[in-house]
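# A look at the structure
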Amino acid sequence: NIGDNMINAKLKTEIGNISSLATLNELSAYIGSCKTALGKSTISAGDKVYVVQKTKKTLGTCIEVKIKKAIVMLPQGRYSVPLGMLEAA
């Protein structure tokens, strides 16, 4: 069982032992679908959310949740953001 805020050493070791790029791509796709499903189940219209990018997190308000994306009001305007890029604030 993996904690919410950490990846355990055994899982990191197993991932590090993968020697096939195809397998890593499959794992990456699976993780992406898990992120989308988790975002869809935990974020709803009206929620404060962070749009997470590589170098920054921007606070906004979720306007609408769609199948794979959400409409988010940010200081720069309204954006359609993939659910995998959102965190509940």
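Here is what the cut-offs are and how they apply
Residue numbers here run from 1 along each chain, matching the order of that chain's written sequence. It should be noted that, the model being predicted, local features are given only for residues of pLDDT at least 70 and side-chain atom pairs only at 80 or more, the latter also being counted only at that level, while totals for whole chains, interfaces and linings use all residues. In computing side-chain values, all of the structure's heavy atoms are included and hydrogens and water are not. When DSSP finds two or more bridges between a pair of strands, those strands are recorded as paired. Numbering of helices and strands runs from the N terminus; a helix is a DSSP stretch of H or I covering at least four residues, while a strand is a stretch of E covering at least two. The axes are straight lines fitted to the C-alpha atoms, using for helices just the contacting stretch, and the angles between their N-to-C directions are given from 0 to 180°. The working definition used for a salt bridge is a side-chain nitrogen of Lys or Arg within 4 Å of a carboxyl oxygen of Asp or Glu. Relative accessibility under 20% of the residue-type maximum defines a buried residue, over 50% an exposed one, and the middle range a partly exposed one, all with a 1.4 Å probe and only protein chains included. Pairing of aromatic rings covers Phe, Tyr and the six-membered ring of Trp, with a centre-to-centre limit of 6.5 Å; geometry is then stacked below 30 degrees between planes, edge-to-face above 60, and tilted otherwise. Think of it as a cone above the ring: NZ of Lys or CZ of Arg counts as a charge over the ring if it is within 6 Å of the ring centre and within 35 degrees of the ring normal. Think of a patch as exposed residues, more than 30% relative accessible area, with no salt bridge, where like charges cluster within 9 Å and nonpolar side chains (Val, Leu, Ile, Met, Phe, Trp, Tyr) cluster within 5 Å. For the area figures, the Shrake-Rupley method with a 1.4 Å probe applies, and any residue is considered shielded solely by the protein chains shown.

What follows concerns the sheet that holds strand β1 (residues 48-52). On the basis of which strands lie adjacent, the open sheet formed by 5 strands has the order β4-β3-β2-β1-β5 and antiparallel pairing. Edge strands, defined here as strands with exactly one partner in the open sheet, are β4 (77-82) and β5 (86-88). Each adjacent strand pair in this sheet contributes to an overall mean axis angle of 45°, direction not counted. As judged from the 6 bridges shared by strand β3 (residues 69-74) and β4, these two strands associate in the antiparallel manner. Paired with Met 73 across the strands is Arg 78, a residue of β4.

Summed over the entire model, instances satisfying the criterion amount to 1 salt bridge. Two residues, Lys 57 and Glu 87, come together in a salt bridge whose shortest N-O distance is 3.1 Å. One end of the pair, Lys 57, is in strand β2 (residues 57-65); the other, Glu 87, is in strand β5, with 30 residues separating them in the sequence. On the accessibility criterion, Lys 57 (49% relative accessible area) is partly exposed.

This part is about the packing of aromatic side chains. Tallying each qualifying case throughout the model produces 0 aromatic pairs. Lys 57 extends its terminal NZ or CZ atom over the ring of Tyr 50, reaching a point 4.9 Å from the ring centre.

The next point concerns the pairing of β1. Burial along β1 is one-sided: the face carrying Val 49 and Val 51 is buried and the face carrying Lys 48, Tyr 50 and Val 52 is not. Of the pairings in the sheet, the one linking β1 to β2 comprises 5 bridges and is antiparallel in character. Across the sheet, Tyr 50 pairs through a bridge with Leu 59, a residue of β2. Linking β1 back to β2 in an antiparallel pair, the connection comprises 4 residues.

The grouping of Leu 11, Ile 15, Leu 21 and Leu 24 at the surface amounts to a nonpolar patch, some 310 Å² of accessible area in total. Among the secondary structure elements, those contributing two or more residues to the nonpolar patch are α1 (9-16) and α2 (21-42). Within the secondary structure, Leu 24 sits in helix α2. A relative accessible area of 32% places Leu 24 in the partly exposed class.

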